[in-house]
Amino acid sequence: MKKIFLTFLLSLVLTTPVFAEVNVVATLPWIGSLAKEIGKDKVSLTVLVKPNQDPHYVDAKPSMIRAANRADVIMYNGLDLEISYIPIIIRSSRNSKIQQGQKGNLDCSQYVNPIDRARADMDRSMGDVHPMGNPHYHFSPGNILRVAEGMAAALTELDPAGEGFYRANFEAFAGKLREKQKQWSSLPISGKRFIAYHKLFEYLAADFGFRIIGYVESKPGIPPSASHIERLIEDMKKSRPDGILTTSLYGKKEAESLSTKTGVRVILLPNDVGAGKGTEDWFSFMDVTLKSLQ
Ligand SMILES: [Zn+2]
């Protein structure tokens, strides 16, 4: 009888649904995707910015502040990418757990080696929206691996009982990434030369050995002038790049017009996880991106 009762108790434990331990609010889709890889069913997740929104320019909505109010941790890109909304959201959340310096405030860029840090005398008023260094490191496998490890550590701090779980999920993520890296490094991308609309692909270029030889924007965040475009067209006619890289979010129209004038093809890449077909997690987002560059 006692044994039957114990079996009953055990089955009750095993069938009880697992309730999320950590309420994660992530600014960008790729951050949410990583948090799910590491936290799985131990995290409940809210992502603030949609894949079809330009992450440089987002309005802090009341729904975002409400989500932040209930968060155990807020995870964001950093390097000033979300400067126009993340400080307001955190300040207005009235949630002491997610304030700067607390363990519920995770700036993912702390695990990143930023490239393209601007000179000290430059700032956003001079037109460059990236004075802290290029913030688009979600295209960089090496940096993403360190961010994922940082996330596992952060979730463990918030939920110490889950330490082994988060560590194991990180190890699985790292293992899958090693496999993917083998596939990705065999793609014929190295040595190619591209024009890009925005400074979005610098990490990708550094990691996969291609070059960005010109930009459609005059400066990051500044639309091109007519004279800049004229010069670019002349340059492209001589240099014959392998493509014009942009996303459907911004720069598509300009890239297409440039393509018509130069005969160089447009390559539309997803800007984030969930932007376009077959990009539902970070791995498939990278698959689509890299295969498009061939
Ligand atoms: Zn940018």
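Everything below is about the structure printed above this text.
The rules behind each value
For every chain, the first residue of its written sequence is number 1, and the numbers climb from 1 along that sequence. For a predicted model such as this one, the threshold for reporting local features is a pLDDT of at least 70, and the threshold for listing and counting side-chain atom pairs is 80 or more; totals across whole chains, interfaces and linings nevertheless cover every residue. Working definition: helices are DSSP H or I runs of at least four residues, strands are E runs of at least two. Numbering for both runs from the N terminus. Residue burial here comes from a neighbour count, namely the number of other C-beta atoms, placed from the backbone, that lie within 10 Å of the residue's own C-beta, with 20 or more meaning buried, 12 or fewer meaning exposed, and in between meaning partly exposed. Contacts are defined on C-beta atoms placed from the backbone: any two residues whose C-beta positions lie within 7 Å are in contact. In these notes, a nonpolar core means any group of buried Ala, Val, Leu, Ile, Met, Phe, Trp, Tyr and Cys residues linked to one another through C-beta atoms within 7 Å. A domain assignment, automatic or from a database, supplies the domain bounds used here. What a helix should span is 1.5 Å times the count of its residues minus one. A strand pair is defined by DSSP finding two or more bridges across the two strands. For helices, the fitted line uses only the C-alpha atoms of the stretch in contact; every axis is such a line through C-alpha atoms, and the angle between N-to-C directions lies from 0 to 180 degrees.

(A) Layout of the overall build of the protein chain. Of regular secondary structure, the protein chain possesses ten helices and eight strands. Each of the 294 residues in the protein chain was classed as buried or not, and the buried ones make up 39%.

(B) Up close: the environment of I38. If you trace the backbone, I38 turns up in helix α2 (residues 29-39). Residue I38 is classed as buried on the basis of its 27 C-beta neighbours within 10 Å. Through-space distance from the C-alpha of I38 to that of A148 is 7.1 Å; in sequence the pair is 110 residues apart. In contact with I38, other than residues within four places in its own chain, are A148, M151, A152, L155, Y166, N169, F170 and F173.

(C) Representation of the nonpolar core within the structure. One finds I38, V73, I74 and M75 to be the most contacted residues of the largest nonpolar core, which totals 71 residues. If you tally residues by element for this core, the top one is helix α5 (residues 141-158), at eight residues. Taken together, domain 1 (18-183) and domain 2 (188-292) each give at least three residues to this core, which thus spans both.

(D) Helix α8 (residues 226-239), seen in detail. Here α8 is 14 residues long and its end C-alpha atoms lie 20 Å apart, about the 20 Å a rise of 1.5 Å per residue gives. R240 sits one or two residues past α8 and shows a positive phi near 45°.

(E) Representation of the sheet that holds strand β5 (residues 193-196). Spatial strand order, β6-β5-β7-β8: four strands in an open sheet with parallel pairing. Taken across any chain shown, the strands that pair with only one partner, and hence form the sheet edges, are β6 (211-215) and β8 (266-268). Looking at each pair of strands side by side, their axes are set apart by 35° on average, direction ignored. In the sheet, β5 pairs with β6 via four bridges, with the strands oriented parallel. Counted as the bridge partner of A196 is Y215 from β6. On top of the sheet, helix α9 (residues 252-262) reaches β7 (244-246) and β8; it is set at about 170° to β7, its chief contact.

(F) Seen up close, the sheet that holds strand β3 (residues 73-76). Taken in spatial order, the four strands make up an open sheet running β2-β1-β3-β4, and their pairing is parallel. Only two strands of the sheet have a single neighbouring strand rather than two, namely β2 (43-47) and β4 (105-107). Taking each pair of neighbouring strands and ignoring which way they run, the sheet shows an average axis angle of 20°. Across three bridges, strand β1 (residues 22-26) lies against β3 in parallel orientation. From the neighbouring strand, A26 faces β3, where its bridge partner is M75.

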